[in-house]
Amino acid sequence: MGKIILTGDRPTGRLHVGHYVGSLRRRVELQNSGEFDRIFIMIADAQALTDNADNPQKVRENIIEVALDYLAAGLDPEKCTIFIQSQIPELTELTFYYMNLVTVARLHRNPTVKNEIAMRGFEESIPAGFFTYPVSQTSDITAFKATTVPVGEDQLPMIEQAREIVRRFNMTYGEVLVEPEAVIPDNETCKRLPGTDGKAKMSKSLGNCIYLADSAEEVKAKVMNMYTDPNHIKVTDPGTVEGNAVFTYLDAFCKPEHFPKYLPDYENLDALKDHYRRGGLGDVKIKRFLCAVLEEELAPIRARRAELQKQIPEILEMLRKGSIEAQKTAAATLAEVKAAMRINYFDDDTWVKEQAGKYQA
Ligand code: TRP
């Protein structure tokens with residue numbers, strides 16, 4: 001059996017560099033590796049609605065933003081099927097059946113859900129749809145028989161939950177579903193890029209994001225304001241690299257070839273860090289370097305986005321076609337699922353004969 005990718009994002013805002021190093025960059029690499037038979041990239045609007053029920057307009061507006069970010073980052077509709085979750089009713093139907101294969105206690109233990117419930121202050125007023133979104137995410141993955149799910153590290157509990165539901169399904173009804181595997185970044189820093197304030201992770205509500213769509217000036221202003229080491233006051237003071245957002249970003253973005261190009265006085269990142277620790281290296285210098293490093297990665301993405309923004313109707317058409325394509329695959333899986341569960345009553349005359357036979361003497 002071939003290798004299939006399914007992954008996606010909630011359209012609640014534009015994608016930022018945390019999304020990029022956490023998963024998007026890897027997806028583009030996997031896409032271009034030629035190792036995959038099918039690649040499905042889903043804009044998870046239905047999942048976004050599980051905690052934005054009162055704000056469908058936000059979700060609606062951001063579908064195109066996420067699509068633009070995808071294409072600008074290098075996802076290619078010739079190589080992958082990009083689609084919108086809500087347009088595939090089969091996903092909802094699968095979710096309804098999978099709900100029976102998971103307990104409320106297990107959902108309560110899902111660390112991602114737990115964390116998100118705390119972050120959103122839901123406490124006792126958790127929307128049932130939000131609470132059960134790991135089950136819906138299992139439908140997203142299994143409907144396409146995905147073997148491989150490139151995601152950010154925070155999504156690992158979702159994949160684990162999906163694997164459990166798959167095993168439970170296959171044990172109960174027969175081998176139909178495929179157990180997926182997550183692919184997360186190898187680079188520790190990329191797993192959880194902090195915000196520009198050095199805190200937590202990048203999140204729109206904290207206002208600490210660098211977006212893929214930001215202009216060069218915006219990126220520069222954000223970098224120049226970045227959190228460093230609060231005790232590194234004078235250039236001569238020794239500085240701390242750990243927890244210093246500028247160095248964290250360099251860990252995520254910097255490549256050896258950046259040094260001869262932008263900072264030839266240093267051999268590599270370790271040499272730069274050593275100098276900072278010793279003292280005598282100012283924040284402005286490392287921030288300028290980070291700007292140059294980021295620009296190298298972001299400038300081509302930004303330029304592609306500017307071009308793509310002139311082709312909105314074509315991109316929406318691509319999403320429409322992608323959704324039709326995706327639905328075909330999901331429908332085929334749903335048919336198999338229903339057959340395995342023996343609720344495919346009218347597929348042929350088996351059930352009709354069986355039932356009629358019951359009352360024949
Ligand atoms: N939960 C993911 C996020 O918040 C989005 C998502 C929905 C997803 N369904 C998925 C990711 C299936 C991978 C596979 O970004």
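Given the structure is predicted, the values throughout are model-derived calculations rather than measurements.

Trainee: Tell me about the overall build of the chain, and name the residues and values.
Mentor: When its secondary structure is counted, the chain shows 17 helices and five strands. Each principal axis of the C-alpha distribution contributes one length, and for the chain these read about 100 × 45 × 40 Å. The 361 residues of the chain split such that 52% are buried. Nonlocal contacts in the chain, meaning residues at least 24 apart in sequence, comprise 76% of its contacts between residues at least 6 apart. Only carbon and sulfur atoms are counted for the fraction: they give 53% of the accessible area of the chain, which is about 17600 Å². Of note, the chain has its 45 positive side-chain charges centred 1 Å away from the centre of its 53 negative side-chain charges.

Trainee: Describe the side chain of threonine 132, and please don't skip the residues or the numbers.
Mentor: Note on placement: threonine 132 falls in the loop between helix 7 (128–131) and helix 8 (133–143). Within the structure, the side chain of threonine 132 is placed 2.8 Å from the backbone oxygen of alanine 128, a separation counted as a polar contact. The contact partners of threonine 132, leaving out residues within four places of it in the chain, are Met99 and Leu107.

Trainee: Tell me about the packing of helix 11 (residues 216–224) against helix 15 (residues 283–308), and please be specific about residues and values.
Mentor: Remark: helix 11 packs on helix 15, axes separated minimally by 9 Å, with the N-to-C direction vectors making an angle of 150°. Between helix 11 and helix 15, the crossing angle belongs to the class labelled roughly antiparallel. As for the relative orientation of helix 11 and helix 15, their crossing is right-handed in sense. Residue-level contacts link Ala216, Val219, Lys220, Val223 and Met224 of helix 11 to Val284, Lys287, Arg288, Leu290, Cys291, Leu294, Glu295, Leu298 and Arg302 of helix 15. In terms of residue class, the contact of helix 11 with helix 15 is built from nine nonpolar, no polar and five charged.

Trainee: Which residues make up the site of the ligand, and what are the values?
Mentor: Near the ligand there are 14 residues, and of these Arg10, Gln47, Gln137, Asp140 and Gln155 occur at the shortest range. Between the ligand and glutamine 137 there is a distance of 3.0 Å, counted from a nitrogen atom to a side-chain nitrogen or oxygen. Coverage of the ligand by the protein amounts to 91% of the 370 Å² it exposes when considered alone. Mapped by element, the contributors of at least two residues to the shell around the ligand are strand 1 (4–9) and helix 8. Taken together, the residues of the shell around the ligand break down into six nonpolar, five polar and three charged.

Trainee: An account of a nonpolar patch on the surface is requested, with residue identities and associated values reported.
Mentor: A cluster of nonpolar side chains, contributed by Tyr345, Phe346, Trp351 and Val352, occupies part of the molecular surface with about 410 Å² of accessible area. Tracing the backbone shows tryptophan 351 in helix 17 (residues 350–358). The exposure class assigned to tryptophan 351 is partly exposed, which follows from its relative accessible area of 31%.

Trainee: Tell me about the packing of helix 1 (residues 17–33) against helix 12 (residues 245–253), and name the residues and values.
Mentor: Relative orientation of the contacting elements helix 1 and helix 12 amounts to 30°, with a least axis distance of 11 Å. As summarised for this structure, helix 1 and helix 12 are arranged roughly parallel, according to the angle between their axes. Here helix 1 runs over helix 12; the crossing is left-handed. Residue-level contacts link Val17, Tyr20, Val21 and Arg25 of helix 1 to Tyr249, Ala252 and Phe253 of helix 12. For the contact of helix 1 with helix 12, a count of residues per class yields six nonpolar, no polar and one charged.

Trainee: Tell me about the packing of aromatic side chains, and name the residues and values.
Mentor: The description of an aromatic ring pair rests on the distance of the ring centres and on the angle between the ring planes. Counted under the stated rule, the structure contains 11 aromatic pairs. Residues phenylalanine 83 and phenylalanine 144 carry aromatic rings whose centres are separated by 5.2 Å and whose planes lie at 45° to one another, so their mutual orientation is tilted. Of this pair, phenylalanine 83 sits in strand 3 (residues 81–84) while phenylalanine 144 sits in the loop between helix 8 and strand 4 (148–150), and the two are 61 residues apart along the sequence. Accessibility classification places phenylalanine 83 together with phenylalanine 144 in one group, the buried group. Ring geometry for tyrosine 345 versus phenylalanine 346: centroids 6.4 Å apart, planes at 75°, classification edge-to-face. Counting every residue linked through ring pairs, the aromatic cluster contains Phe40, Phe83 and Phe144. We note arginine 10 situated over the ring of tyrosine 133; from NZ or CZ to the ring centre the distance is 4.7 Å.

Trainee: Explain the domain arrangement of the chain to me, and be specific about the residues and the numbers.
Mentor: You can read the domains of the chain as domain 1 (4–192 + 311–355) and domain 2 (216–308). For domain 1 and domain 2, the distance between their C-alpha centres works out to 35 Å. Tallying the contact residues gives 18 residues for domain 1 and 12 residues for domain 2. Buried area between domain 1 and domain 2, summed over both chains or domains, comes out near 1300 Å², and the portion from carbon and sulfur atoms is 57%. Of all residues in domain 1, Val17, Ala72 and Thr189 give up the largest surface area on contact with domain 2, accounting jointly for 37% of the area buried on that side. One can count three salt bridges joining domain 1 with domain 2. Close ionic contact of aspartate 69 with arginine 305 constitutes a salt bridge, the shortest N to O distance being 2.9 Å. Elements represented by at least two residues in the side of domain 1 that touches domain 2 include exactly helix 1, helix 3 (56–73), helix 10 (188–191) and helix 16 (312–340). Ranked by residue count, the leading element in the side of domain 1 that touches domain 2 is helix 3, at six residues. Of the residues belonging to the side of domain 1 that touches domain 2, the class tally is 10 nonpolar, four polar and four charged.

Reading the values: the criteria
- Residues numbered from 1 in each chain as written.
- Predicted model: local features only at pLDDT ≥ 70, side-chain atom pairs only at ≥ 80, totals over all residues.
- Heavy atoms only, no water.
- Helix = DSSP H or I, 4+ residues; strand = E, 2+ residues; numbered from the N terminus.
- Buried < 20%, exposed > 50% of the residue type's maximum accessible area, 1.4 Å probe, protein only.
- Contact = heavy atoms within 4.5 Å.
- Areas by Shrake-Rupley, 256 points an atom, 1.4 Å probe, with all protein chains shown as cover.
- Lys, Arg positive; Asp, Glu negative; His and termini not counted.
- Charge placed at Lys NZ, Arg CZ, Asp CG, Glu CD.
- Polar contact = N/O pair within 3.5 Å; in protein donor to acceptor, adjacent residues only side chain to side chain.
- Axes fitted to C-alpha atoms, helices over the stretch in contact; angles between N-to-C directions.
- Parallel < 35°, antiparallel > 145°, perpendicular 65-115°, else oblique.
- Left-handed = near helix turned anticlockwise from the far one by under 90°.
- Nonpolar A, V, L, I, M, F, W, Y, C, P; charged D, E, K, R; others polar.
- Near = heavy atom within 4 Å.
- Patch = residues over 30% accessible without salt bridge, like charges linked within 9 Å, V, L, I, M, F, W, Y side chains within 5 Å.
- Salt bridge = Lys/Arg side-chain N within 4 Å of Asp/Glu carboxyl O.
- Phe/Tyr/Trp six-rings, centres within 6.5 Å; stacked < 30°, edge-to-face > 60°.
- Lys NZ or Arg CZ within 6 Å of the ring centre and 35° of its normal.
- Domains from an automatic or database assignment.
- Buried area = accessible area lost by both parts, 1.4 Å probe.

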